[in-house]
Amino acid sequence: MKRPILAAAAVVLLAGCTSEEEGPRTPGLQERGTVLTTVQPTRQDLTNQISLAGKVAINPIFGVVAPIAGEVRYVQRKPSKKPAEEPLWVATVWRNGQPREVNIPTGSMMAGRLMEDRSSVAKGMPIVSARHGGYGIVAEIDSAQAYRISGAVSSVTGQIKNGPGPFKCKPKGTIAALPAGTVPEPPAPTPKPTTDPSGAPVRPLPVEETQEDSPAGSEATGLQLVCTPPDTVRLINGAEVTLDVVTGKAEDALVLPVEAVAGTQGKGKVDIVDENQNRKTVDVTLGLTDGKVIEIKKGLTGDETIAVPGPNLPTAEPQPGQPG
């Protein structure tokens, strides 16, 4: 009678040992597409502020843009090494029979044409290169900063390394990469007679007195910001400068983390998450950004729950024959 009892006890003991040795079970995975991270819009004061590294340069090149979309017609101007003493008319953009003048600012020299004469241009497109007469500060801009700084710059403050500053620095021209500027050859002069009315031969003038050296135009530039400090600031060519650039400010702005938004300027998209964890992509109008959060001007009320990351396009898979 003892054997069945011992066998039953052994079965119970074996079952207990097996249960302890299995250890904790792996928790179940969430279904594909389940939103795990969400945020809600908040309000705060926002300043779009960027720090750039620049250098002092002599006669830096900057671009002048088309004020409207239309057809550009250039003014025949001889290159000059003397800075203009007042705004200098260099081109006109025509649209629907209405002209808009394009001028280079005082203290600058015409450097080159960036488009062919009578080309169609878009508003804000660089069409003329100009050369600032004297010292200026040039800061290179990488592509990650381009859209944060391409709008209107409200203020620039400079600090020369181990030198003067802080000081206000006035932006020149547009913030854009420029193609090489060209200066077309002037029209061929009308040949002068070799004899005067009396029939006597006329001695020709020396070549150097009748022709000027052909201008080379302006070199291409990368994406850069050019600004000029006050005349009271002593500059040394090549000195390193830190620029603090502010492109705009907004008070009590509705913001989201940049990771929650697809797009960085103008129009963007976000994913709204409902109580059942379903996503709905909606369009939003974007404003300023400080690199951490971005302003939502239109499209949200502030009560929504937003998925992180935003609805960015997935990385494209490499195709056969293409590098990964």
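First, a word on scope: everything that follows refers to the structure included in this document. (Residues numbered from 1 in each chain as written. Predicted model: local features only at pLDDT ≥ 70, side-chain atom pairs only at ≥ 80, totals over all residues. Heavy atoms only, no water.)

Side note on the sheet that holds strand S3 (residues 61-65)
Overall, antiparallel pairing links the three strands, which are arranged S3-S9-S7 in an open sheet. Every interior strand has two partners, whereas the edge strands, S3 and strand S7 (108-113), have only one. The average angle at which neighbouring strand axes cross in this sheet is 35 degrees, direction not considered. Pairing analysis gives five bridges linking S7 to strand S9 (residues 126-132), with the strands arranged antiparallel. Residue pairing in the sheet places Ser-108 in a bridge with His-132 of S9. (Pairing = 2+ DSSP bridges. Helix = DSSP H or I, 4+ residues; strand = E, 2+ residues; numbered from the N terminus. Axes fitted to C-alpha atoms, helices over the stretch in contact; angles between N-to-C directions.)

Some words on the layout of surface pockets
Space inside the second largest pocket adds up to approximately 430 Å³. Along the walls of the second largest pocket sit 22 residues, with His-132, Lys-170, Pro-171, Lys-172 and Thr-228 positioned nearest its centre. If you list the elements that add at least two residues to the lining of the second largest pocket, you get S3 and strand S13 (170-172). When residues of the lining of the second largest pocket are assigned to their parent elements, the largest contribution, four residues, is made by S3. Along the lines of polarity and charge, the residues of the lining of the second largest pocket split into ten nonpolar, nine polar and three charged. (1 Å grid on protein atoms, 1.4 Å probe; cavity = no way out; pocket = protein on both sides within 12 Å on 5 of 7 lines; lining within 4 Å. Points joined across faces, edges and corners; volume = space filled by probe spheres on them. Nonpolar A, V, L, I, M, F, W, Y, C, P; charged D, E, K, R; others polar.)

A closer look at empty space enclosed by the protein
In this structure the tally under the stated criterion is one cavity of 30 Å³ or more. Here the largest cavity is characterised by a volume of approximately 40 Å³. As for the largest cavity, its lining consists of Ile-61, Phe-62, Gly-63, Thr-174, Ala-176, Leu-178, Thr-221, Gln-224 and Val-226. Every element with two or more residues in the lining of the largest cavity is listed here: S3 and strand S14 (224-228).

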